[in-house]
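# Structure at a glance
Chain residues, written in single-letter form:
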Amino acid sequence: MPEGHTLHRLARLHQKRFKGRRMRVSSPQSRFADGAAMVDGRTFTGASAWGKHLFHHYDGGRIVHVHLGLYGRFDDFTLTPGDPPPDPVGQVRMRIFSSEYGADLRGPTACEVVDEAQVSDILARLGPDPLRRDADPSTAWARIAKSRRPIGALLMDQTVLAGVGNVYRNELLYRHRIDPYRTGIDVASGEFDAMWADLVDLMKVGVRRGRIITLRPDDDHGAPSYRKGRPRTYVYRRALEPCRVCDTPIRTAVLEGRNLFWCPHCQR
């Protein structure tokens, strides 16, 4: 599932390409036909993201809410002035384009037209987003500090922190040497503050670079475990491989339905 930095990158790209443009919106597979008709021909006024949720804002107060889920993605295309857009390929839920650029949305969990009140309802269910300037980490800390759930589960709970996915969860806990099974009430406030600050920095790098980077230069030795198309990590998807710091085999388990990875030596 795309993590929060991916949605913020999309919001920035769509803001740059579509803001102020009169958009054509359609649903080639017809599953979003009614919604597309509601915003087709309207002016795109902006794009925003909160956690794993993307919002396209149009004049008249109409907003398209997108959640990519596990399989959703946007495929971009460029238009030559005067030429029609390319034929859609596969199951395209939503197609948006202006005179120069376009994008096809495939496989999202959610694609719907909402109003400001409905957006407020969505955001009310989410925790603070480390990539937003208005984020208040104290609301996340308040939930963690009174919870007996493992911190490895709390970090993935979008009502606690919005935008954190499995890669950032596993890597953040390793970087701060915290056992993923430690309960929230046993995490010190100073530890949370350090994790929050680190998470903000890591996710900002993800927005700028378009990929997750968590390894500190001193720990990145170019080990042969690297596989093309997956991030180089401390523990994520490195089960039974040696820890990059202490050589202890990385362990894995399933925690609340998601794969967990940690070093039993470094994260005592």
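This write-up is about the structure you can find in this document. The model shown is predicted, which means the values in this text are computed figures rather than measured ones. (Residues numbered from 1 in each chain as written. Predicted model: local features only at pLDDT ≥ 70, side-chain atom pairs only at ≥ 80, totals over all residues. Heavy atoms only, no water.)

### Some remarks on the sheet that holds strand β3 (residues 53–58)
Spatial ordering of the open sheet is given by β2-β3-β4-β8, a layout of 4 strands whose pairing is antiparallel. Of all strands in the sheet, those with a lone pairing partner are β2 (44–50) and β8 (110–114), marking the two edges. The mean inter-strand angle of the sheet, taken between neighbouring strand axes irrespective of direction, is 20°. Relative to β8, strand β4 (residues 63–67) runs antiparallel, the two sharing 5 bridges. The residue bridging I63 from the neighbouring strand is V114, located in β8. Lying over the sheet, helix α1 (residues 4–18) contacts β2 and β3, oriented at roughly 170° with respect to β2. (Pairing = 2+ DSSP bridges. Helix = DSSP H or I, 4+ residues; strand = E, 2+ residues; numbered from the N terminus. Axes fitted to C-alpha atoms, helices over the stretch in contact; angles between N-to-C directions. Contact = heavy atoms within 4.5 Å.)

### Some points on the nonpolar core
Core analysis: the biggest nonpolar cluster contains 34 residues, and I151, L161, Y168, Y174 and L199 have the highest contact counts within it. Elements supplying a minimum of two residues to this core: α4 (137–145), α5 (151–154), α6 (166–175) and α7 (189–209). Of the residues forming this core, the biggest block, 8 residues, is contributed by α7. Dropping the residues within four chain positions of it, Y174 is found in contact with Y234, V235, C243, V245, C263, C266 and Q267. Counting 24 residues, the second-largest nonpolar core is a separate cluster that includes L10, V66, C111 and V113. (Core = buried A, V, L, I, M, F, W, Y, C linked by side-chain atoms within 4.5 Å. Buried < 20%, exposed > 50% of the residue type's maximum accessible area, 1.4 Å probe, protein only.)

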